[in-house]
Structure formats: structure tokens, C-alpha cells
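Below, each chain spelled out in residue letters.
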Amino acid sequence: MHPATPPSAPPPLPSHGPPRRVLVVEDDPTVAEVVTGYLSRAGYTTAHAADGVAALDRAADFRPHLVVLDLMLPGIDGLEVCRRLRRGDGPAVPVVMLTARGEEADRILGLELGADDYVTKPFSPRELVLRIGSVLRRAESAPPAAAPAAVLRAGDLTADPGGRRADRAGRALSLTAREFDLLVFLMRHPGRVFSREELLHRVWGWEFGDLSTVTVHVRRLREKIEADPAAPRLVTTVWGAGYRFDAVGDEPPPEDGPLRGDGPLS
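For the structure given in this document, a descriptive report is provided here. Residue positions are counted from 1 within each chain, in the order its sequence is given. Local features in this predicted model are restricted to residues of pLDDT 70 or higher, and side-chain atom pairs are both shown and tallied only at a pLDDT of 80 or more, whereas totals for entire chains, interfaces and linings draw on every residue. No hydrogens and no water enter the side-chain calculation; it runs on all heavy atoms of the structure.

Topic: the nonpolar core
Move 1: Counting 27 residues, the largest nonpolar core has Leu183, Leu199 and Phe245 as its most contacted members.
Move 2: Residues are treated as being in contact if the distance between any of their heavy atoms lies within 4.5 Å. Residue contacts for Leu199: discarding those within four places in its chain leaves Leu182, Phe185, Leu186, Phe194, Trp204, Val214 and Tyr243.
Move 3: Think of a nonpolar core as a cluster: buried Ala, Val, Leu, Ile, Met, Phe, Trp, Tyr and Cys residues, connected wherever their side-chain atoms sit within 4.5 Å. Burial classes follow relative accessibility: with a 1.4 Å probe on protein chains only, a residue under 20% of its type's maximum area counts as buried, one over 50% as exposed, and anything between as partly exposed. Core analysis: the second largest hydrophobic core is formed by 24 residues, Leu73, Ile76, Val81 and Val95 among them.

So, in C-alpha cells, the structure goes:
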């Protein structure tokens, strides 16, 4: 399946700063040529790998700022490539997945592995460039220098926006960039309910997108910060409305068992 090529040119990158490096992992030579061409004209430096093994090798020496990763690859598939990219030390490289699969389960699995966004074939290369720019802006954003971000605390949970570190009970939490952004946003607005649409816009910076992205990241965040993810006490669901961060402090649950929490939005 090939991307649908629009007549208009891709939007250029801002002129300041060095070009961002994007690794395109795609076994279809036509799709790879179109995607790398659009990215190059938009001001990105690109590299290409045609299979999973080559993608891991190329990522090690090219050190991309972002990876465009096809789900269906010969040898090692895109999901396994994403897993291995996430195993490395240091900040996780953002990943935008390309997939010909329309099933929700495949998209959700990619997001659960840490993909920042996905585009389903056939796609508009110009839209892909816009999505890549949005993901990079979010990954590279920092608090304004004039307003240093204070460390956020809720009971034994802390998040340091400036250092991009989070821990609970003194133990460091391994959060993806998106999970950390979501946690910080919610901790900055305790007690307020945000719909999935609002979180998609205010945390992801997207004007449009699949709401399951938010559902998946809330579930993953709960698995890392909640004492009992099945009965969440920090990130709770307000049925029919959205999610709320409850700064419950460090009081223990009642002796007759944990509080009953809300399940994920469907």
C-alpha cells in the first residue's frame, strides 16, 4: 500500500537550530522514497533502513531524533524493533509507526510499547510530516527559563519537570516522555477533570487524533504510579467526563481493602 501523495509541498521546518535526524524504517521502496523525499524537502536529515535488523544497526550510528517505523517488516517486525529501541539507556527516541493494519488491537499494542503516534496506510505524506513535527516539538519542549518549574508532590509521589524525573517512595519511575508529560500535567491540575479530547490537545499538542492514545497512556501511567492499578487512587476516572488527578496524600487505604477505583474509559 502506498501513501496518497497530495499536490501541495510539505511545510518547512523553522530555520533555527540544526536539522533533526529522522530514520525511516520501511521495506517498500516506493513508500520509503516518498517519505524520505517529503522529510528532506521539509528540512530533515534522513536515513533509511529496509528491515528490522538494519533499523537497529542504523539507529545506533545515525542517532535519530525520531524514528518512522513500519509495523510489517521482514525479519524483526516493527513491534520488536520498538521494544528494543525502548530498552536502551537515556531518553527514549520518539517513534511514529506506519501500519497497513486497521485493527485497533495492533494500534493499541504499538502505543503500549511506547510509540508516540501512528499513521495508517494509505496516508498523506504531508500529514505524516505534520505529525512528526508535532511529536518532536513535544519531545523537545522545556519549561520557560523565566519560570523554573517547581517539583510537584502528592504523597510519596514526586515529579521534577525541570529534570524530567519522577519517583515514588524514593524509587525512580521509568516513564516514557509522553507518560511523564501526562503525569506532570495532571499533577499541576489536581482535582480537575479533563476529557480525553482535552488531554490529547493540551498534553499531546494534537488538534486531532485517536482518543485511544490517551486511554492507553493513562493505563500505562497507572501501572507505574498506582499501588493497585486495578483500583487507582491517584488518576481516577470520572465516568462520562474524563480523568482526574486526586492528590490523596500518603494516607494508607482502609483496613478492609483498597478503595474501589474506576476502570478505564472505553
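Some details on the sheet that holds strand S1 (residues 21–25)
In sheet architecture, strand pairing relies on hydrogen bonds along the backbone and comes in two forms, parallel and antiparallel.
Move 1: Pairing in this open sheet of 5 strands is parallel, and the strands run S2-S1-S3-S4-S5 from one edge to the other. Each of the sheet's edge strands pairs with one partner strand only, and the pair in question is strand S2 (45–49) and strand S5 (117–120). Across this sheet, the average inter-strand angle for adjacent strands is 20 degrees, counted without regard to direction.
Move 2: In this description, strands pair whenever DSSP reports at least two bridges between them. Comment: elements are numbered from the N terminus, with helices defined as DSSP H or I runs of at least four residues and strands as E runs of at least two. Pairing between strand S3 (residues 66–70) and strand S4 (residues 95–99): 4 bridges, direction parallel. Each residue of the ladder has a partner; that of Asp70, found in S4, is Leu98.
Move 3: Axis definition: a line fitted to C-alpha atoms, over the contacting stretch in the case of helices. Angles run 0 to 180 degrees between N-to-C directions. In this fold helix H2 (residues 52–62) packs onto S1 and S2, with an angle of close to 170 degrees to the strand it touches most, S1.

Looking at the packing of helix H1 (residues 29–41) against helix H5 (residues 125–140)
Move 1: In the contact formed by H1 and H5, the axes pass within 10 Å of each other and the chain directions differ by 55 degrees. Here H1 is positioned oblique relative to H5, judged by the angle of their axes. Here the hand of the crossing between H1 and H5 comes out right-handed. Across the interface between the two elements, Val34, Val35, Tyr38 and Leu39 of H1 pack against Pro125, Arg126, Leu128, Val129 and Ile132 of H5.
Move 2: Note that Gly is not counted as nonpolar here; it falls among the polar residues with everything else outside the nonpolar set of Ala, Val, Leu, Ile, Met, Phe, Trp, Tyr, Cys and Pro and the charged set of Asp, Glu, Lys and Arg. Here the contact of H1 with H5 is composed, by residue class, of 8 nonpolar, no polar and 1 charged. Roughly parallel covers angles under 35 degrees, roughly antiparallel covers those over 145, roughly perpendicular covers 65 to 115, and oblique covers all other angles. Less than a right angle of anticlockwise turn of the near helix away from the far helix marks a crossing as left-handed, whereas a clockwise turn marks it as right-handed.

Some points on empty space enclosed by the protein
It is the rolling of a water-molecule-sized probe over the atoms that shows where space remains empty.
Move 1: Only protein atoms enter the 1 Å grid, on which a cavity is a set of points fitting a 1.4 Å probe that cannot get out and a pocket is an open set with protein on both sides within 12 Å along at least 5 of 7 lines, lining residues being those with an atom within 4 Å of a point. Grid points are joined across faces, edges and corners, and a volume is the space filled by probe spheres set on the points. Counting across every chain of the model gives 2 cavities of 30 Å³ or more.
Move 2: Along its surface, the second largest cavity is lined by Arg86, Ala92, Val93, Pro94, Gly114, Asp116, Ala139, Thr176 and Ala177.
Move 3: In the lining of the second largest cavity, the residues fall into 5 nonpolar, 2 polar and 2 charged.

Here's the deal with the sheet that holds strand S11 (residues 235–238)
Move 1: Strand order in the open sheet formed by 3 strands is S10-S12-S11, and the pairing between neighbours is antiparallel. The open sheet has two free edges, formed respectively by strand S10 (193–194) and S11, since each of these has just one partner strand.
Move 2: Direction of pairing for S11 relative to strand S12 (residues 242–245): antiparallel, over a ladder of 4 bridges. The partner of Val238 across the bridge, within S12, is Gly242.
Move 3: Helix H6 (residues 177–188) contacts S10, S11 and S12 of the sheet and is inclined by roughly 70 degrees relative to S12.

Overview of the pattern of salt bridges
Move 1: A side-chain nitrogen of Lys or Arg and a carboxyl oxygen of Asp or Glu constitute a salt bridge if their distance falls within 4 Å. By the definition in use, this model includes 13 salt bridges.
Move 2: The residue Arg83 makes a salt bridge to Glu80 at a minimum N-O spacing of 3.2 Å. Highlighted residues: Arg83 and Glu80, both in helix H3 (residues 78–87), separated by 3 residues, approximately one helical turn.
Move 3: The class of Arg83 is partly exposed, set by a relative accessible area of 33%.
Move 4: Overall, the relative accessible area of 18% leaves Glu80 in the buried class.
Move 5: Salt bridges sharing common partners tie together Glu26, Asp70 and Lys121.

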